[in-house]
Amino acid sequence: MAFITPLALAFAGLSIPIILLYMLKLRRRDVLVSSTLLWQRLLRDREANAPWQRLRRNLLLLLQLLILALLTLSLARPFVSAPSVASGSVVILLDASASMQARDVMDISSAPTRFDAACDAAHEVIAGIGSGDVATLVAVGPQPRVLASATGNKTLLHRTLEDVSPSNGAADWESAFALTSAGLVGAADTQVVIISDGALPDSLPSLPGRVRFVGVGGAGDNVAIAALATRAGPTGPQVFIRVVNYGEVDAEPLVEFSADGALFDARRLSVPKRSDAHNGASLTLTDLPYDMHVLQAQLSTEDSLPLDDVAWDVHVPPASGRVLLLSEGNLFLERALGALPDVELTRAAPDQPPSADEDYALYVYDAVTPTLPSGNLWLIGPQASLGDESSIKVGGFFTNTAISQIAADAPLLRYVDLSDLHILRARVVEPPPAARVLVEAEGGPLLFVAERPEGRLAVLTFDLRDSDLPLQIAFPILTANLVDWLLPQGAATFPLGEGRRSSLRPGDPVPLQPDPEAVEIIVTAPDSTRSSFPVAEKLPVFAATDQPGIYLVEQFDRSEKSLQSAAFAVNLFDETESDITPRESVRVGQTEVSSATREEEGRREFWPWLAGAALSVLVVEWWSYQRGTRR
């Protein structure tokens with residue numbers, strides 16, 4: 001045992017005056033009395049209170065000396081050497097990714113999962129920091145969270161750890177390192193403790209101060225679903241699945257397929273050992289139910305990480321691809337439409353309007369004067385005379401076509417760069433009620449969309465020949481986005497322009513494109529949790545996609561009538577998280593940090609226990625004094 005402040009032991013000298021006070025007694029004044037019969041007790045007391053007398057055994061004296069000894073030792077701050085992981089200004093980076101849910105530590109730890117073992121290691125780090133040290137606790141998940149910031153309150157840190165749970169997504173270590181570096185600016189004696197199974201990228205930057213790595217994890221056996229997708233085939237829906245085996249032995253899991261909750265197929269799939277997400281075993285099924293909406297694939301296997309043994313996909317029925325183009329001839333537009341998959345393009349002259357017997361999913365009018373049919377419409381450079389019954393009012397031309405505003409948050413304009421667009425002139429078109437203007441110039445709208453009872457509508461107010469849009473890469477992208485929205489899709493479509501994007505990873509944000517008449521959007525998570533988003537000018541974004549499964553998106557109008565519903569799937573599909581083989585070291589900057597060198601010599605102080613004991617003895621001393629006084 002040693003002392004941090006040994007000079008404080010000099011306070012032990014205060015025991016001398018305490019002893020002297022017990023030896024030095026009060027002097028009494030002599031008074032003559034007629035008899036000593038009534039003063040015998042006083043005489044005995046006078047003998048005991050002589051100026052100096054031999055020190056006798058006294059409980060109060062012993063208790064007071066013990067209190068002084070305990071307080072002196074507390075001020076000297078005694079400590080013993082003990083293994084320690086961190087000291088000083090400590091930042092604990094606790095891995096809270098999906099791989100930390102692996103149950104492979106039962107044979108080496110009492111904790112059921114890697115995350116529980118990591119929390120136990122974090123408790124040990126917190127218990128080992130000194131009285132003058134501070135610790136910051138960060139949970140590293142898809143979005144790193146600071147759980148406790150620069151505090152020496154061990155009780156608070158321990159209690160905070162009890163409320164942490166792992167996420168279902170990948171850890172964003174880049175953001176966590178940036179957060180840590182910013183938090184340690186100006187701090188002295190800094191140290192970062194990484195508690196993880198080692199699934200960190202190799203391109204992480206360096207960190208200030210010392211870095212320690214505490215590794216957790218046992219075995220690395222895991223079989224995972226790496227991909228699941230459905231598509232339309234010649235005879236109905238088809239499904240593609242890829243299964244990966246990250247273990248050291250070959251596996252043959254049973255793969256079960258369910259359509260809308262009903263099991264329809266199950267078969268064995270041989271997966272070689274130590275495969276990866278690119279060369280695992282694949283399987284394609286072609287005999288799926290024709291009216292399938294949600295597909296679920298389940299691996300019947302016992303491995304360490306059940307999270308990636310199940311996957312979902314939302315089947316989007318193919319669009320009705322019959323598109324009628326009425327144009328005098330526009331090679332750029334014809335090629336852009338003809339290059340789209342699942343589009344059956346038919347071109348007609350302006351003087352050959354469609355007959356009532358022909359049914360097209362989309363009508364495209366290129367600078368012609370149409371008689372508007374019921375259905376989905378794309379008007380390009382509409383003419384002035386559309387007819388009295390048309391709900392679209394068209395005026396003359398305007399030439400101040402410099403773009404003044406773009407709805408950058410609209411998925412219809414995703415990857416569409418209009419910064420270099422030049423337009424000679426455009427028509428003055430009054431958008432119908434509830435239309436959304438996507439691109440606007442100083443003279444009026446250039447592109448707007450709307451939902452009508454007759455169908456969806458998109459209007460490009462200028463003739464393509466009066467602009468350089470067909471010569472830009474933005475034109476085929478814009479065409480694909482518009483046609484993707486205008487063509488009728490199944491009930492599985494969700495945000496505007498993203499009908500074909502039906503699977504996400506945990507933590508991915510989802511932009512919710514509202515219907516023109518919608519006032520509220522409700523998202524129901526796999527655990528039946530409902531999130532409500534009022535429709536405003538800003539595009540709502542749903543970010544609580546941390547649970548794998550199927551999410552339902554519903555839109556309601558002012559009368560609480562359901563306008564449309566959508567669904568999307570969230571799956572893990574992450575090789576970094578599914579490959580749960582624990583690493584022996586991690587790379588931080590240019591340094592390889594090994595878990596074998598994580599301990600260093602530290603100090604374990606116990607002055608708080610001595611101070612508490614002194615307080616307890618003080619209470620006993622007060623009680624003894626009060627008891628003697630009453631006697």
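Use the structure listed above.
Residues numbered from 1 in each chain as written. Predicted model: local features only at pLDDT ≥ 70, side-chain atom pairs only at ≥ 80, totals over all residues. Heavy atoms only, no water.

Q: Can you help me understand the overall build of the protein chain in this one?
A: A count of helical and extended segments in the protein chain gives 10 helices and 34 strands. With 631 residues in all, the protein chain has 47% of them scored as buried. Considering only residue pairs separated by 6 or more positions, the protein chain has 68% of its internal contacts joining residues 24 or more positions apart. Split by element, the accessible area of the protein chain, about 32,100 Å² in all, is 53% carbon and sulfur. (Helix = DSSP H or I, 4+ residues; strand = E, 2+ residues; numbered from the N terminus. Buried < 20%, exposed > 50% of the residue type's maximum accessible area, 1.4 Å probe, protein only. Contact = heavy atoms within 4.5 Å. Areas by Shrake-Rupley, 256 points an atom, 1.4 Å probe, with all protein chains shown as cover.)

Q: I tried to follow a nonpolar patch on the surface on my own but got confused; where do I start?
A: A surface patch of nonpolar side chains, about 290 Å² in accessible area, is lined by Phe11, Leu14 and Leu75. Inspection of the secondary structure puts Phe11 in the loop between β1 (2-3) and α1 (15-23). Owing to a relative accessible area of 43%, Phe11 belongs among the partly exposed residues under this scheme. (Patch = residues over 30% accessible without salt bridge, like charges linked within 9 Å, V, L, I, M, F, W, Y side chains within 5 Å. Salt bridge = Lys/Arg side-chain N within 4 Å of Asp/Glu carboxyl O.)

Q: Whenever I open this one, the sheet that holds strand β5 (residues 145-151) confuses me. Can you help?
A: Strands pair in a sheet through their backbones, by hydrogen bonds, and they do so in one of two ways: parallel or antiparallel. Taking strand neighbours across the sheet as the criterion, the 5 strands line up as β5-β4-β3-β6-β7 in an open arrangement whose pairing is mixed. Sheet topology places β5 and β7 (210-215) at the edges, where each strand pairs with a single neighbour. Looking at each pair of strands side by side, their axes are set apart by 15 degrees on average, direction ignored. Summarising the sheet, strand β6 (residues 190-196) and β7 pair through 6 bridges and their orientation is parallel. Paired with Ile194 across the two strands is Phe213, which belongs to β7. In the packing of helix α4 (residues 114-128) onto the sheet, contacts are made with β3 (89-95), β6 and β7, and the angle to β3 comes to roughly 170 degrees. (Pairing = 2+ DSSP bridges. Axes fitted to C-alpha atoms, helices over the stretch in contact; angles between N-to-C directions.)

Q: Looking at this structure, I do not really get the nonpolar core. What am I missing?
A: Inside soluble globular proteins, nonpolar side chains tend to come together where they are buried. Counting residues in hydrophobic clusters, the biggest one holds 41 residues, and the most contacted among them are Leu333, Val364, Trp378, Leu438, Phe462 and Leu469. Counting residues per element, the ones that place at least two in this core are β15 (322-326), α7 (331-338), β17 (362-366), β18 (376-380), β22 (436-441), β23 (445-452), β24 (455-460) and α8 (474-486). Of the residues forming this core, the biggest block, 7 residues, is contributed by α8. Val90, Leu94, Ile195 and Val216 belong to the second-largest nonpolar core, a separate cluster that totals 26 residues. (Core = buried A, V, L, I, M, F, W, Y, C linked by side-chain atoms within 4.5 Å.)

Q: Just to check I follow, could you spell out the pattern of salt bridges for this structure?
A: Opposite charge on two side chains permits pairing when their charged atoms draw close. Under the defined criterion, the tally for this structure stands at 10 salt bridges. Where Arg347 meets Glu334, a salt bridge forms, and the shortest distance between an N and an O atom there is 3.0 Å. Placement of the pair is Arg347 in strand β16 (residues 344-348) and Glu334 in helix α7, with a sequence separation of 13 residues. On the accessibility criterion, Glu334 (24% relative accessible area) is partly exposed. A single salt-bridge network, built from bridges that share partners, covers Asp104, Arg114 and Asp197.

Q: Just to check I follow, could you spell out the packing of α7 against α8 for this structure?
A: A packed helix pair is summarised by two numbers, namely the angle formed by the two axes and the spacing between the axes. One way to put it is that α7 packs onto α8 with a least axis distance of 9 Å and a crossing angle of 55 degrees. With respect to α8, the element α7 is oriented oblique. Remark: the crossing between α7 and α8 carries right-handed chirality. Taken together, the residues of α8 that come into contact with α7 (itself represented by Phe332, Leu333, Ala336 and Leu337) are Phe475, Thr479 and Val483. When its residues are assigned to classes, the contact of α7 with α8 shows 6 nonpolar, 1 polar and no charged. (Parallel < 35°, antiparallel > 145°, perpendicular 65-115°, else oblique. Left-handed = near helix turned anticlockwise from the far one by under 90°. Nonpolar A, V, L, I, M, F, W, Y, C, P; charged D, E, K, R; others polar.)

Q: Can you help me understand the side chain of Asn330 in this one?
A: For Asn330, the location among the structural elements is in the loop between β15 and α7. Note on Asn330: relative accessible area 6%, which makes it buried. A polar contact of 3.3 Å, which involves the side chain of Asn330, links it to the side chain of Asp366. Those residues within four positions of Asn330 in sequence are excluded, and the remaining contacts are Asp366, Leu464 and Arg465. (Polar contact = N/O pair within 3.5 Å; in protein donor to acceptor, adjacent residues only side chain to side chain.)

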